[in-house]
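Notes for the structure review
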Amino acid sequence: MKIQQGHNLDPHLPNQPWGKHVQTLRLVSPANRPKFHIIVVGTGLAGAGAAASLGELGYQVTAITYHDSARRAHSVAAQGGINAARGKRVDNDGLQRFVTDTIKGGDYRAREAEAWRLAEESNHVIDHLDAIGVPFAREYAGSLANRSFGGVQVSRTFYSRGQTGQQLQIAAHQALLRQVHAGRVKLLTRHEMLDLIVIAGQARGIITRHRITGQLRIITADAVVLATGGYGNVYHHSTLAKMSNATALWRAHRRGAAIANPSFIQFHPTALPIQYPWQSKTTLMSESLRNDGRIWVPKKPGDTREANDIPENERDYYLERQYPAYGNLTPRDVASRAARHQIETGHGVGPAANAVNLDFTHAMETVGEHVLNERYGNLFDMYHSATGDDPRHTPMRIAPGAHFTMGGLWVDYHLMSTIEGLFVAGEASFAYHGANRLGANSLLSACVDGYVVIPRVVPHYLAQHLGRTPIGADHPVIGATISEVKRRITTLQCAPGNTPASETHRQLGEIMYQHCGVSRTRTGLRQGIETINELRQNYRQQLRVTGKPDQPNPDLETALRVEDYLELAQTMCVDAWNREESCGAHYREEYSQNGEAKRRDHRYQHVSAWQTNHWDNAETPSFTHHKEPLSFQTVAVQQRSYR
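Attention here is on the structure that accompanies the text. (Residues numbered from 1 in each chain as written. Predicted model: local features only at pLDDT ≥ 70, side-chain atom pairs only at ≥ 80, totals over all residues. Heavy atoms only, no water.)

Some details on the overall build of the protein chain
Of the regular secondary structure elements, the protein chain holds 16 helices and 22 strands. For the protein chain, the C-alpha radius of gyration of 24 Å lies close to 26 Å, the compact-globule estimate for 643 residues. Across the 643 residues that make up the protein chain, the buried fraction comes to 61%. Sequence-distant contacts in the protein chain: of pairs separated by 6 or more residues, those separated by 24 or more amount to 74%. About 23,900 Å² of surface is accessible on the protein chain, with carbon and sulfur atoms providing 48% of the total. Charged side chains in the protein chain number 69 positive and 61 negative. The centres of these two groups are separated by 4 Å. (Helix = DSSP H or I, 4+ residues; strand = E, 2+ residues; numbered from the N terminus. Rg over C-alpha atoms; globule rule 2.2 N^0.38 Å. Buried < 20%, exposed > 50% of the residue type's maximum accessible area, 1.4 Å probe, protein only. Contact = heavy atoms within 4.5 Å. Areas by Shrake-Rupley, 256 points an atom, 1.4 Å probe, with all protein chains shown as cover. Lys, Arg positive; Asp, Glu negative; His and termini not counted. Charge placed at Lys NZ, Arg CZ, Asp CG, Glu CD.)

This is how it looks when you write it as structure tokens:
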């Protein structure tokens, strides 16, 4: 494993707040906006918001999605809510507390300036979403309702029962289609991005494959926005939809975009446990359930009695015992580690003893079934459909599952990657969350990027390129790029082996959960790097792809995605191995104190950004490690505690 030390990256942080900084950004006049073409890849909250907003401003926009409808983007899966620092409940919330909670929740590995931007724009975003039709829950008097989420002691989460992401996505989809109807946005469905076109160091377009016809398409532009979501499916068993993948992100990385903190992976504490070896994914239950549900395990190891048969004095409400200040609303990384510890020490419940209980008995007695149904009815129904149990009367069984990726392509304060003209929005970038994301900050960051930041920073970039000569499809770089894509497809299609890509993906997931999961060790990570490297080297020889490339071919799609996962997974393990500290969701067992993460600020108070090379022609790729030092002016850096 070769790691070279690179240089410090400049995030171009302004010396003034975001609200003032935007007044210094360059502008494009309304008459000149139609002269620019922008590609937005992905139509989730960040992508749909960006495409709709840029279209509304008058730019030519092409929005790309591999779904048959932009509405099916994975943002629909978010359940619990979206944060805003409105301080409506007189519980002492406000901008400073929002920033402090966000930075502390990320264990001081996020940019302070971005946390302030998130806080500043949160109120505006809620008002915007309310105006475009999101049916937020309301109090009896008509004002928007709030509830709490993990890692905070105030109620700042706005919600629409347990389907907030779906309602936000429907509103974003309607805004996008309005621009499609107006002719300012061209929507291409069933198109999957397979490569990025980079000319003279600038992003000038993409190569896509039509998932029905197999046709490759060249799309050129003046700027490209990637809003393709996270890469949690590298773990195979994750809470993400099976279609979610890392190809657009990784191919951009292959073209020179640095990837930051790739090992910062959030394991959601309220996923359903894996029950069967053939299971393809995990099911997510909203963190909002922890507002009224109490988490516990039997005090006696190996207790196989049904949950309702275990008396109160034989139950261990371990989060309430260990973290009395926050109780069941501890941050996700803390709750996941605590659950994993209970399971590994023999206190797990369920047929496989790989879960903990989430119990609503107390809430049923205090607030009543009617109120719980109003808050979580669809979540209870979802759980009942998946398990056959009614959580109103039988505790849910939950376990940590791979979920959100705090890592992603490195971007500066203007969301531009290390490739000029390539912007990254939403979960595809590493911005905002540090080493752990607080619940309900995900929908917020995606909406802030899509509706607010991208429509301001992309014109700032384009203003300096007014009058630039358009790139023709006959440009030699474009020819070389599409030739590489064709060669890759042909190589995988003609692979001589007998192993489906899905089987390799399953093997990769097992390796990642074991060596780069909820907790990590130096020895385990080294073993993971070596095992993944061997799996990657043998992939093309052992692979079998059925069907043809010029027709619908899920085998080929999976093969392309898994090849990218193998390279990404190896980079994730290298990043985790290189960061010799514990912070947030990155928990190195060698660096802990009383079971809690122990940071090493003197060495690792920075963002790790990686550029990699030689994947195709070397047994071991090369890794170049760049850093972005982090500093804090308004939040005091201290050991994180939720006790």
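What to know about the sheet that holds strand S17 (residues 408-409)
The strand order S1-S22-S21-S11-S17 describes an open sheet built from five strands, whose pairing is mixed. The strands lining the two open edges of the sheet, one partner per strand, are strand S1 (2-8) and S17. Inspection of the sheet shows S1 paired to strand S22 (residues 622-629) by five bridges, in the parallel sense. Within the sheet, the bridge partner assigned to Gln-4 lies in S22 and is Thr-624. Helix H15 (residues 554-578) rests against S1, strand S11 (259-260), strand S21 (606-613) and S22 of the sheet, and its axis sits at about 140° to S21. (Pairing = 2+ DSSP bridges. Axes fitted to C-alpha atoms, helices over the stretch in contact; angles between N-to-C directions.)

Considering the pairing of strand S16 (residues 396-405)
Counting buried residues in S16 gives nine out of ten residues, a clear majority hidden from the surface. Relative to S16, strand S12 (residues 265-271) is paired through five bridges, and the arrangement is antiparallel. Counted as the bridge partner of Phe-267 is Ala-402 from S16.

Describing the sheet that holds S12
The five strands are arranged S12-S16-S15-S13-S14 in an open sheet whose pairing can be described as antiparallel. Every interior strand has two partners, whereas the edge strands, S12 and strand S14 (315-316), have only one.

Considerations on the packing of helix H3 (residues 95-105) against helix H4 (residues 112-131)
Direction vectors running N to C along H3 and H4 enclose 135°, while the axes themselves pass 9 Å from each other. The orientation of H3 with respect to H4, classified from their angle, is oblique. Note that H3 runs across H4; the crossing there is right-handed. Contacts between H3 and H4 pair Leu-95, Gln-96, Phe-98, Val-99, Thr-102 and Ile-103 from the former with Glu-112, Ala-115, Trp-116, Leu-118, Ala-119 and Glu-120 from the latter. Partitioned by chemical class, the residues of the contact of H3 with H4 number eight nonpolar, two polar and two charged. (Parallel < 35°, antiparallel > 145°, perpendicular 65-115°, else oblique. Left-handed = near helix turned anticlockwise from the far one by under 90°. Nonpolar A, V, L, I, M, F, W, Y, C, P; charged D, E, K, R; others polar.)

Some points on the nonpolar core
By size, the foremost hydrophobic cluster in this structure holds 146 residues, and its most contacted members are Ile-82, Leu-196, Leu-226 and Ile-454. Not counting residues within four places of it along the chain, the set of residues in contact with Leu-196 comprises Ala-203, Gly-205, Ile-206, Val-224, Ala-252, Arg-255, Ile-419, Leu-422 and Thr-481. Ranked by size, the runner-up nonpolar core spans 26 residues in total, among them Ile-295, Tyr-318, Phe-360 and Tyr-642. (Core = buried A, V, L, I, M, F, W, Y, C linked by side-chain atoms within 4.5 Å.)

Side note on the environment of Ile-343
Position of Ile-343 among the secondary structure elements: in helix H8 (residues 332-347). Sequence spacing of Ile-343 and Ile-199 is 144 residues, and the spatial spacing of their C-alpha atoms is 52 Å.

What to know about the environment of Pro-496
Structurally, Pro-496 can be placed in the loop between helix H12 (476-493) and helix H13 (501-515). In this structure the C-alpha to C-alpha distance between Pro-496 and Gln-542, which are 46 residues apart in sequence, comes to 6.7 Å. When sequence neighbours within four positions are dropped, the list of residues in contact with Pro-496 reads Arg-540, Gln-541 and Leu-543.

A closer look at the packing of aromatic side chains
Tallied over the full model, the rule gives 16 aromatic pairs. With centroids separated by 6.4 Å and ring planes inclined at 90°, the aromatic side chains of Trp-610 and Phe-623 adopt a geometry described as edge-to-face. With Trp-610 in strand S21 and Phe-623 in strand S22, this residue pair connects regions lying 13 residues apart in the sequence. An aromatic cluster of at least three residues, connected via ring pairs, comprises Trp-250, Trp-610, Trp-615 and Phe-623. Between the NZ or CZ atom of Arg-147 and the centre of the ring of Tyr-159, over which it lies, the distance is 3.8 Å. Of note, Arg-437 hangs over the ring of Phe-404, and the distance from its end group to the ring centre comes to 4.1 Å. (Phe/Tyr/Trp six-rings, centres within 6.5 Å; stacked < 30°, edge-to-face > 60°. Lys NZ or Arg CZ within 6 Å of the ring centre and 35° of its normal.)

Re the pattern of salt bridges
Counted under the stated rule, the structure contains 50 salt bridges. A salt bridge links Arg-111 to Glu-628; the shortest N-O distance between them is 2.7 Å. Placement of Arg-111 in the loop between H3 and H4 and of Glu-628 in strand S22 is noted, with a sequence separation of 517 residues between them. We classify Arg-111 as buried; its relative accessible area is 3%. The shortest N-O distance in the salt bridge between Arg-540 and Glu-563 comes to 2.6 Å. One end of the pair, Arg-540, is in helix H14 (residues 522-542); the other, Glu-563, is in helix H15, with 23 residues separating them in the sequence. The class for Arg-540 is partly exposed, based on a relative accessible area of 29%. One salt-bridge network, in which partners are shared between bridges, spans Asp-107, Arg-109, Asp-333, Arg-337, Arg-579, Glu-581, Arg-599, Asp-601 and Arg-640. (Salt bridge = Lys/Arg side-chain N within 4 Å of Asp/Glu carboxyl O.)

The values reported here are purely geometric and, on their own, carry no functional implication.
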